[in-house]
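Structural overview
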Amino acid sequence: MKDYSTWTHPYKPAKAYNKRVAYFSMEFGIDQRFNIYSGGLGFLAGSHMRSAFEQKQNMIGVGMLWKYGYYDQARNEDETLRTEFLEKRFEFLEDTGIEVEVQLHDNPHVKVRAYVLKPEVFGTVPMYFLTTDVEGNDHLSRTVTNHLYDANEVTRVSQSIILGIGGAKVVEALGGADTYHLNEGHALPAFYYLRDKGIKKNQMVFTTHTPEKAGNEERDARHLNRCGFFGRYLSEEELSKEKVNNGMINYTISALRMAKKANGVSKLHAKVANDMWKDYEGVSKIIPITNAQNQNFWQDKSIKKAWTDNKVRSYKSRKTKLKKQLFETVFEQTGKTFDPKVLTIVWARRFAGYKRADLLLGDLERFKKLISNEKYPVQIIWAGKPYPYDFYAIDVFNHLVRQSKEAPNLAVLTGYEMDLSKKLKDGSDVWLNTPRITREASGTSGMTAAMNGSVNVSINDGWIPEFQKHGKNCFVLPELDHNLPVWKQDNIDRDNLYDILENEVIPTYYNDPKKWQSIVFKGMDDVIPKFTSHRMADDYYQKLF
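As a starting point, this report considers the structure included with it. (Residues numbered from 1 in each chain as written. Predicted model: local features only at pLDDT ≥ 70, side-chain atom pairs only at ≥ 80, totals over all residues. Heavy atoms only, no water.)

1. Considerations on the nonpolar core
Core analysis: the largest hydrophobic core is formed by 159 residues, its most contacted members being F24, F34, F129, L360, I380 and W382. With 15 residues, the next largest nonpolar core counts V346, A411, L413 and L424 among its residues. (Core = buried A, V, L, I, M, F, W, Y, C linked by side-chain atoms within 4.5 Å. Buried < 20%, exposed > 50% of the residue type's maximum accessible area, 1.4 Å probe, protein only.)

2. Considering a negative patch on the surface
There is a patch of like negative charges on the surface, built from E77, D78, E79 and E406. Within the fold, E79 resides in the loop between β3 (72–75) and β4 (81–84). The class for E79 is partly exposed, based on a relative accessible area of 31%. (Patch = residues over 30% accessible without salt bridge, like charges linked within 9 Å, V, L, I, M, F, W, Y side chains within 5 Å. Areas by Shrake-Rupley, 256 points an atom, 1.4 Å probe, with all protein chains shown as cover. Salt bridge = Lys/Arg side-chain N within 4 Å of Asp/Glu carboxyl O. Lys, Arg positive; Asp, Glu negative; His and termini not counted. Charge placed at Lys NZ, Arg CZ, Asp CG, Glu CD. Helix = DSSP H or I, 4+ residues; strand = E, 2+ residues; numbered from the N terminus.)

3. Topic: the pairing of strand β7 (residues 127–131)
In terms of residue burial, β7 counts as a mostly covered element, since five of its five residues are buried. By the alternation rule, side chains of β7 split into M127, F129 and T131 and Y128 and L130, which are all buried. In terms of strand pairing, strand β2 (residues 59–64) meets β7 through four bridges, oriented parallel. Across the sheet, the residue bridging to G61 is M127, located in β7. Sheet topology note: the strand β6 (residues 107–117)/β7 ladder contains five bridges and is antiparallel. By the bridge assignment, A114 is partnered in β7 with L130. (Pairing = 2+ DSSP bridges.)

4. Quick word on the sheet that holds strand β1 (residues 21–24)
Taking strand neighbours across the sheet as the criterion, the nine strands line up as β5-β6-β7-β2-β1-β8-β9-β12-β13 in an open arrangement whose pairing is mixed. In this open sheet, the two strands that pair with only one neighbour each are β5 (94–104) and β13 (286–288). Here the strands of the sheet are splayed against their neighbours by 25° on average, with no regard to which way each runs. Against the sheet, helix α5 (residues 189–196) engages β1, β8 (179–183) and β9 (204–207), with an angle of about 170° to β9. (Axes fitted to C-alpha atoms, helices over the stretch in contact; angles between N-to-C directions. Contact = heavy atoms within 4.5 Å.)

5. Describing the pairing of β8
Where burial is concerned, most of β8 is hidden: five out of the five residues are buried. Neither face of β8 is left uncovered, since the one carrying T179, H181 and N183 and the one carrying Y180 and L182 both have all their residues buried. Relative to β8, β1 runs parallel, the two sharing four bridges. Paired with F24 across the strands is L182, a residue of β8. Where β8 lies against β9, four bridges are found, and the strand directions are parallel. In the sheet register, N183 faces β9, and the bridge partner there is T207. As for the winding sense of the linkage, the β-α-β connection from β8 through α5 to β9 is right-handed. (Right-handed = clockwise from strand over helix to strand, strands pointing away.)

Structure (structure tokens):
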């Protein structure tokens, strides 16, 4: 039995990946049974950990053991969204015996314990999950690792300190790393702590994931100093060197200043991100490493075989079966019976305002025509989890529930986690992606949808410009000027989306099945291997580490 209380792997690391890398992330989506993630950032990190294992990389993951996960998505009596916080138990994790202490506010002795997820459980590199729910901690300290992205600001700051400084100390206890990689700015305190410990700039790298303001945290420097964010108390002079924007610390800018190299998560995002931060002194250049997903985990084996052998009949028969499996979930949740012969459109991802789940409903007259066309019938499914305190996104979710209630061919599903995500990708014909342009850094769900024969209908944002061949492997809305007022963008995009659905997507599916099939297979050709996490995990070693 291997002892995971020191840096170890079940294999001899491959020569190309020999450098010891510690990968810090606030969330990891590895398996449905380990639901401590909220969305795309976690799915991406999970795929990275799987591919790192499959390629025998000398990497470990460092994350948080969330007692209540993100939240459980349930329904009220009227089918609207209810958030539930249920305690999670993960018996497959093992106590490493590693316990470190960090300072939170006035308490210099908050205990942080590390549990290991061994490689044989889910096929990942060794991963270490941190908790403060430890005997000897006071009640407040024990609750810091309760909720992913806690709504309380002070708790959020404490979570960054636990992941960053606690995580760095755990890596020290394991024997230290050559490279420390922050997947997003949440673990920023790690860089401050490591810098004080003599770790050089060329050992620190950073990935920025979003152009969204909320995703680039900014907090008062003096407040962070009182919280213990920097690993020690900084003098006013030291603090003033870290500050930007009226005494604030911007996590992204600080990480960009301390990292040897940084990356954005698509070619377009790297361009947008460089432009966003170019006026700040000392920031590192942001190179593109486009996000990707793990093919072995996400692609249905029978779909893969039919595509590899170019067997259309085998593909169609498997797709029908997968649609039926998805429609069982639709029936269980809504009592509606969907038809596997009917074109099925899915919009499913994290619910956020800029992703525009309700774009189709902006023209109700046209929407009603679309869903009641007997010659060209459609079925539409929405799914996704809003942040539990994002009341705007929850309102959009509930609006969709109310609009779809009486329609036999519309469904809004709850419980959007890895299992449901897989079912939706396997069982959909069209994967709909409608963010406001330049706001989606990458958006990886369309990659795994394409791996399973779901045709992307998308805004030309994130990873899509690197993939799309309109009418050949997907359908793409015409680009518009992102400086236009948002209501104007929404109107133009909505009209373009209807034009593409009514004049291209739906008629092709029903009138030209041969062409549809060629689009399906071409989508798979173009997504594999370019958008698989094997390519991505290799890129990180070659270009960033």
